Amino acid sequence: MPADLAVRPGGYRIVAAMINISHLTRRYGPVTAVDDVSFTVEPGQVCGFLGPNGAGKSTTMRCLVGLTPPTSGRATVLGAEYRRLPNPGRQVGIMLDATAQHPGRTGRETLRIAALVQGLDRSRIDAVLEQVGLTPAEARARVRTYSLGMQQRLGIAVALLGDPRVLVLDEPTNGLDPEGIAWMRDLLRRLADRGDTVLLSSHLLHEVEQIADTLVLIGGGRVIASGSTEELLDGQSSLEELYLSRTDAVARR
Ligand SMILES: Nc1ncnc2c1ncn2[C@@H]1O[C@H](COP(=O)(O)OP(=O)(O)OP(=O)(O)O)[C@@H](O)[C@H]1O
């Protein structure tokens, strides 16, 4: 059993680091998308994963959820590789691309299929629709008629369907209006406060600054700063200042 894993008498698995990225490298031909990246995310934490376009955020997340095999290193969630988890959809909620839902299905159909695949009770569908604020009429509409913000809400609903303990979200606030961004911030904070773990990539630095307990900044596939938000912002006027100074330094190398 890995050192970070223990089993409670009730059979629950307790993992010190819910997400563990260890010396992860992923190359695509001559391009090193992710270069020896290591970080962990603990239970009850929101980790903001930041970096400029092409920095390697999505590739790291894809490796974590078993969509891309690492060239070397390891990415585990709940103490195991994602593909080795029993019924992973009920343990790890994933939203990597909100626009990837089938445009011809309604929101409710999308959720019904996801519930069927995960062996979930239909009552979860109404629960998550309410949680993400999609009305019954919106749930009956086809995804092709959805705004980007509605697609994000549906993507989050799919991720939350199995009531997972870990969420992996790639730019979930993309396309949300200010009210939607505030809603997302509250939702993620509430989930983390009940002990869930959230890995969240975003370009909205101000939002991340407000919600993330820890930050991982990557540039050119490498970690350029990581730690608690408080620690990293100490002596900086804002996350933007920190981000620009660190990512500029990487670009000049
Ligand atoms: N399937 C692929 N084949 C070839 N190169 C790829 C592939 N996926 C990603 N890359 C390259 O790997 C690098 C990292 O890309 P990645 O999408 O992980 O960055 P990102 O930080 O998520 O960027 P963004 O903020 O723009 O979404 C980029 O140079 C990208 O072109």
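Remember, predicted model here, so these are calculated numbers, not experimental data.

Scanning the protein from terminus to terminus reveals nine helices and 11 strands. Against the 2.2 N^0.38 benchmark of 18 Å for 253 residues, the protein shows a C-alpha radius of gyration of 18 Å, consistent with a compact globule. With the C-alpha coordinates of the protein rotated into their principal frame, the extents come out at 50 × 45 × 40 Å. With 253 residues in all, the protein has 49% of them scored as buried. A total accessible area of about 12,000 Å² is found for the protein, and carbon and sulfur atoms account for 50% of it. Charged side chains of the protein number 28 positive and 28 negative; the gap between the two group centres comes to 9 Å.

Pairing analysis gives six bridges linking strand β10 (residues 214-219) to strand β11 (residues 222-228), with the strands arranged antiparallel. When the sheet's bridge partners are listed, Leu217 is paired in β11 with Ala225. Between the end of β10 and the start of β11, which pair antiparallel, lie two residues, with Gly220 showing a positive phi angle near 55°.

Another aspect to go through is the UniProt feature "domain: ABC transporter" (unreviewed entry) in the protein. Here, the residues flagged by UniProt with the feature "domain: ABC transporter" (unreviewed entry) are residues 19-245. Spanning residues 19-245, this segment combines 37% helix with 26% strand, and its end C-alpha atoms are found 27 Å apart.

Time to look at the packing of helix α2 (residues 107-118) against helix α3 (residues 123-132). Any two packed helices are characterised by how steeply their axes cross, that is the angle between the axes, and by the distance between the axes. With their axes 10 Å apart at the nearest point, α2 and α3 run at an angle of 130° to one another. By the angle between their directions, the pair α2 and α3 is classed as oblique. Regarding α2 and α3, the two cross each other, and that crossing is right-handed. In contact with Arg108, Leu111, Arg112 and Ala115 of α2, α3 contributes Ile125, Asp126, Val128 and Leu129. Within the contact of α2 with α3, the residues separate by chemical class into five nonpolar, no polar and three charged.

Once that is clear, we can look at the pattern of salt bridges. Opposite charge on two side chains permits pairing when their charged atoms draw close. Inspection of every chain in the model, using the stated rule, returns 14 salt bridges. For Arg142, the salt bridge goes to Glu109, with nearest N and O atoms at 4.0 Å. On the criterion of sequence distance, the pair formed by Arg142 in the loop between α4 (136-140) and α5 (148-160) and Glu109 in helix α2 is long-range, its members being 33 residues apart. The exposure class of Arg142 is partly exposed, given its relative accessible area of 38%.

Reading guide: rules and limits
Residues numbered from 1 in each chain as written. Predicted model: local features only at pLDDT ≥ 70, side-chain atom pairs only at ≥ 80, totals over all residues. Heavy atoms only, no water. Helix = DSSP H or I, 4+ residues; strand = E, 2+ residues; numbered from the N terminus. Rg over C-alpha atoms; globule rule 2.2 N^0.38 Å. Buried < 20%, exposed > 50% of the residue type's maximum accessible area, 1.4 Å probe, protein only. Areas by Shrake-Rupley, 256 points an atom, 1.4 Å probe, with all protein chains shown as cover. Lys, Arg positive; Asp, Glu negative; His and termini not counted. Charge placed at Lys NZ, Arg CZ, Asp CG, Glu CD. Pairing = 2+ DSSP bridges. UniProt positions renumbered as here; feature names shortened; annotations may be inferred. Axes fitted to C-alpha atoms, helices over the stretch in contact; angles between N-to-C directions. Parallel < 35°, antiparallel > 145°, perpendicular 65-115°, else oblique. Left-handed = near helix turned anticlockwise from the far one by under 90°. Contact = heavy atoms within 4.5 Å. Nonpolar A, V, L, I, M, F, W, Y, C, P; charged D, E, K, R; others polar. Salt bridge = Lys/Arg side-chain N within 4 Å of Asp/Glu carboxyl O.

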